[in-house]
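Listed here are the chains, written in short residue letters.
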Amino acid sequence: DAGVIQSPRHEVTEMGQEVTLRCKPISGHNSLFWYRQTMMRGLELLIYFNNNVPIDDSGMPEDRFSAKMPNASFSTLKIQPSEPRDSAVYFCASRLSYVDYEKLFFGSGTQLSVL
Amino acid sequence: RKEVEQDPGPFNVPEGATVAFNCTYSNSASQSFFWYRQDCRKEPKLLMSVYSSGNEDGRFTAQLNRASQYISLLIRDSKLSDSATYLCVVTHNTNAGKSTFGDGTTLTVKP
């Protein structure tokens, strides 16, 4: 079975450019999460979806960040315009459902560097 | 105050040592608890779930104290391969399954 697939693995861009990160969850999973990880702030929850509907986006840093899930097999996280402080590893994770003790499965992450 | 807090460590222990990590959470509505392991530059992976009755998986024992709102992880007879960051995860189903991670505790096991 394919796991959570994220692309690109690495992204280097210049300040002010638009960045789009992509995620394909595990087939059949109904919940999808976007996390950001830095040394200073740890693993932060940005937004999550259940059945393609955004449930909580309170972790999205500011209006420069947006996320969509147009269907059950695809999600994007967009940063426009990007800034150097956005440099981090962005992880996507999916889960079968939100009943008790369902596990999260992570993609390999996107290492974003904004110069 | 963060919703999930862990002692960041680092914990540096010799092979064969027993080491314990604690994690506290602030939302009493939390319902599911896990320990994840993260190796350097890799994604987090599930180590074990943590149940109210406590549970064991080989050298690893996890316990949950709902009254005090903390969970723990005990590693016995530690191996070099146990060196990693251990992340505490709390899910509360009142918010449709929001899963929050602690910042992690770093363990280094030395020969």
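The structure presented is a predicted model; accordingly, all values stated were derived computationally and were not measured. (Residues numbered from 1 in each chain as written. Chains lettered and ligands numbered in written order. Predicted model: local features only at pLDDT ≥ 70, side-chain atom pairs only at ≥ 80, totals over all residues. Heavy atoms only, no water.)

## With respect to the overall build of chain B
Then step 1. For chain B, the helix and strand inventory stands at zero helices and eleven strands.
Then step 2. For chain B, the N- to C-terminal ordering of α and β elements is β-β-β-β-β-β-β-β-β-β-β.
Then step 3. A compact globule built from 111 residues should have a C-alpha radius of gyration of about 13 Å, and chain B, at 14 Å, falls within 12% of that.
Then step 4. Across its three principal directions, the C-alpha atoms of chain B cover 45 × 30 × 20 Å.
Then step 5. Each of the 111 residues in chain B was classed as buried or not, and the buried ones make up 48%.
Then step 6. The long-range fraction of contacts in chain B, counting pairs at least 24 apart against all pairs at least 6 apart in sequence, stands at 57%.
Then step 7. Carbon and sulfur atoms make up 47% of the accessible area of chain B, which totals about 5,200 Å².
Then step 8. One finds the centroid of the 12 positive side-chain charges in chain B at a distance of 3 Å from the centroid of its 11 negative side-chain charges. (Helix = DSSP H or I, 4+ residues; strand = E, 2+ residues; numbered from the N terminus. Rg over C-alpha atoms; globule rule 2.2 N^0.38 Å. Buried < 20%, exposed > 50% of the residue type's maximum accessible area, 1.4 Å probe, protein only. Contact = heavy atoms within 4.5 Å. Areas by Shrake-Rupley, 256 points an atom, 1.4 Å probe, with all protein chains shown as cover. Lys, Arg positive; Asp, Glu negative; His and termini not counted. Charge placed at Lys NZ, Arg CZ, Asp CG, Glu CD.)

## With respect to the environment of E43(B)
Then step 1. Tracing the chain through its elements places E43(B) in the loop between β4 (32-38) and β5 (45-50).
Then step 2. When near neighbours in sequence (up to four residues on either side) are disregarded, E43(B) contacts F91(A), F106(A), G107(A), S108(A), R37(B) and Q38(B).

## Here we look at the sheet that holds strand β7 (residues 60-65) of chain B
All names here are of chain B.
Then step 1. The five strands are arranged β1-β3-β8-β7-β6 in an open sheet whose pairing can be described as antiparallel. Since the sheet does not close on itself, it has two edges, and those belong to β1 (4-6) and β6 (55-57), each with one partner. Within this sheet the neighbouring strands show an average axis-to-axis angle of 20°, counted without direction.
Then step 2. Relative to β7, β6 runs antiparallel, the two sharing three bridges. Note on β7: the bridge partner recorded for D57 is F60. (Pairing = 2+ DSSP bridges. Axes fitted to C-alpha atoms, helices over the stretch in contact; angles between N-to-C directions.)

## Overview of the side chain of S72(B)
Residue and element names in this part refer to chain B.
Then step 1. Structurally, the position occupied by S72 is in strand β8 (residues 70-75).
Then step 2. On the accessibility criterion, S72 (13% relative accessible area) is buried.
Then step 3. Beyond its immediate chain neighbours, meaning those up to four positions away, S72 contacts F21, N22, W35, T61, A62 and Q63.

## Re the interface of chain B and chain A
Then step 1. The interface of chain B with chain A comprises 23 residues on the first partner and 24 residues on the second.
Then step 2. Carbon and sulfur atoms supply 50% of the area that chain B and chain A bury against each other, a total of about 1,900 Å² over both sides.
Then step 3. Counting the surface chain B buries against chain A, the share from its top three residues, E43(B), A96(B) and F101(B), is 24%.
Then step 4. The tally of links between chain B and chain A comes to one salt bridge.
Then step 5. Here K98(B) makes a salt bridge to D56(A), at a shortest N to O gap of 3.5 Å.
Then step 6. Applying the counting rule to chain B against chain A returns eight residue pairs in polar contact (both at pLDDT 80 or more).
Then step 7. Going through the elements one at a time, β4, β5 and β10 (98-101) of chain B are the ones with two or more residues in the side of chain B that touches chain A.
Then step 8. Looking at the side of chain B that touches chain A element by element, the count peaks at five residues for β4(B).
Then step 9. Its residues assigned to classes, the side of chain B that touches chain A comprises nine nonpolar, nine polar and five charged. (Buried area = accessible area lost by both parts, 1.4 Å probe. Salt bridge = Lys/Arg side-chain N within 4 Å of Asp/Glu carboxyl O. Polar contact = N/O pair within 3.5 Å; in protein donor to acceptor, adjacent residues only side chain to side chain. Nonpolar A, V, L, I, M, F, W, Y, C, P; charged D, E, K, R; others polar.)

## Things to note about the state of the cysteines
Residues and elements named next belong to chain A.
Then step 1. Evaluated as defined, the whole model comprises two disulfides over all chains.
Then step 2. Disulfide pairing places C23 opposite C92 at an S-S distance of 1.9 Å. Between C23 and C92, the S-S torsion sits near -65°, and that sign places the bridge as left-handed. Of this pair, C23 sits in strand β3 (residues 19-24) while C92 sits in strand β9 (residues 88-95); the two residues are 69 residues apart in sequence, bridging distant segments of the chain. This pair shows no difference in class: C23 is buried, exactly as C92 is. (Disulfide = S-S within 2.5 Å.)

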